[in-house]
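Fold and contact review
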Amino acid sequence: MPNATALLDDPILVEDNLPSIGQILPFFQLVNAALEDVSLDAFSGQRKILHFFPGIDTPTSANSVRILDSMVATLPNTVVLHISADLPFTTARFCATENLSTGIHLSTLRGRDMLKNYGVLMMTSKLAGLPARVLMVADEDNRVLHVELVKELTNEPDYEAAMAVLQP
């Protein structure tokens, strides 16, 4: 049975293959702000927070980007990857306006199969085809430490639970 999230209590089915704790992250290749293809290998040896969200132009997504960027700024050897369907120009404009430089924004402009492979693709509703709001944490070896599919798209993820797995 597929996973589910909701938008204002209207159920949305999501791909049912979220990585499990202990699983190795699947390969991906997405697009960075310079329109270059970037793969998971580019972050080898770093702890990763993968922040999936539908689009930066919503208050919840914008706020979660701000919060995660400030949290990760104090963590050693940790990168936050903000992953959405937004064009790189959109996220670059947002980061410039907000004076954000910590997180790395990756677009599904190319590499949309990643959403299905990671189990974050919304399959029903007017938002079908976009990523659900999901927070994943992986260690330096790409082993999954934490996964949260936020049950209501207008809610933010549990940042403290995600950060707890990165503490010594």
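As a starting point, this report considers the structure included with it. (Residues numbered from 1 in each chain as written. Predicted model: local features only at pLDDT ≥ 70, side-chain atom pairs only at ≥ 80, totals over all residues. Heavy atoms only, no water.)

What to know about empty space enclosed by the protein
Tallying each qualifying case throughout the model produces one cavity of 30 Å³ or more. Here the largest cavity defines a volume of roughly 40 Å³. If you go around the largest cavity, the residues you meet are Val-31, Asn-32, Ala-33, Asp-86, Leu-87, Pro-88, Thr-91, His-105, Leu-106 and Ser-107. Looking at the lining of the largest cavity, the elements that each hand over two or more residues are helix H2 (88-98) and strand S7 (104-107). For the lining of the largest cavity, the leading source of residues is S7, giving three residues. Partitioned by chemical class, the residues of the lining of the largest cavity number five nonpolar, four polar and one charged. (1 Å grid on protein atoms, 1.4 Å probe; cavity = no way out; pocket = protein on both sides within 12 Å on 5 of 7 lines; lining within 4 Å. Points joined across faces, edges and corners; volume = space filled by probe spheres on them. Helix = DSSP H or I, 4+ residues; strand = E, 2+ residues; numbered from the N terminus. Nonpolar A, V, L, I, M, F, W, Y, C, P; charged D, E, K, R; others polar.)

Looking at the nonpolar core
Within soluble globular proteins, side chains that are nonpolar generally end up buried alongside one another. Of all hydrophobic cores here, the largest spans 28 residues; its most connected members are Phe-28, Leu-50, Phe-52, Tyr-118 and Met-136. Elements with a minimum of two residues in this core: strand S2 (10-14), strand S5 (47-52), strand S6 (78-84), helix H3 (113-117), strand S8 (134-138) and strand S9 (144-149). With sequence-adjacent residues up to four places away left out, Phe-28 is seen in contact with Val-38, Ser-39, Leu-40, Phe-43, Leu-50, Leu-81, Leu-106, Met-114 and Tyr-118. One finds Val-72, Leu-135, Val-137 and Tyr-159 within the second-largest nonpolar core, a separate group that totals 12 residues. (Core = buried A, V, L, I, M, F, W, Y, C linked by side-chain atoms within 4.5 Å. Buried < 20%, exposed > 50% of the residue type's maximum accessible area, 1.4 Å probe, protein only. Contact = heavy atoms within 4.5 Å.)

Regarding the packing of aromatic side chains
Following the criterion strictly, the structure yields two aromatic pairs and no others. Aromatic side chains Phe-28 and Tyr-118 sit 6.2 Å apart centroid to centroid with 70° between the ring planes, which places their arrangement in the edge-to-face category. Linking Phe-28 in the loop between S2 and strand S3 (29-31) with Tyr-118 in the loop between H3 and S8, this pair joins segments that are 90 residues apart in sequence. Of the two residues, Phe-28 and Tyr-118, neither departs from the other in class, the shared state being buried. For the ring pair Phe-52 and Tyr-118, a centre distance of 5.9 Å and an interplane angle of 50° mean the geometry is tilted. Here Tyr-118 lies in the loop between H3 and S8 and Phe-52 lies in strand S5, a separation of 66 residues in the sequence. (Phe/Tyr/Trp six-rings, centres within 6.5 Å; stacked < 30°, edge-to-face > 60°.)

Function cannot be read off these values alone, since they describe shape.
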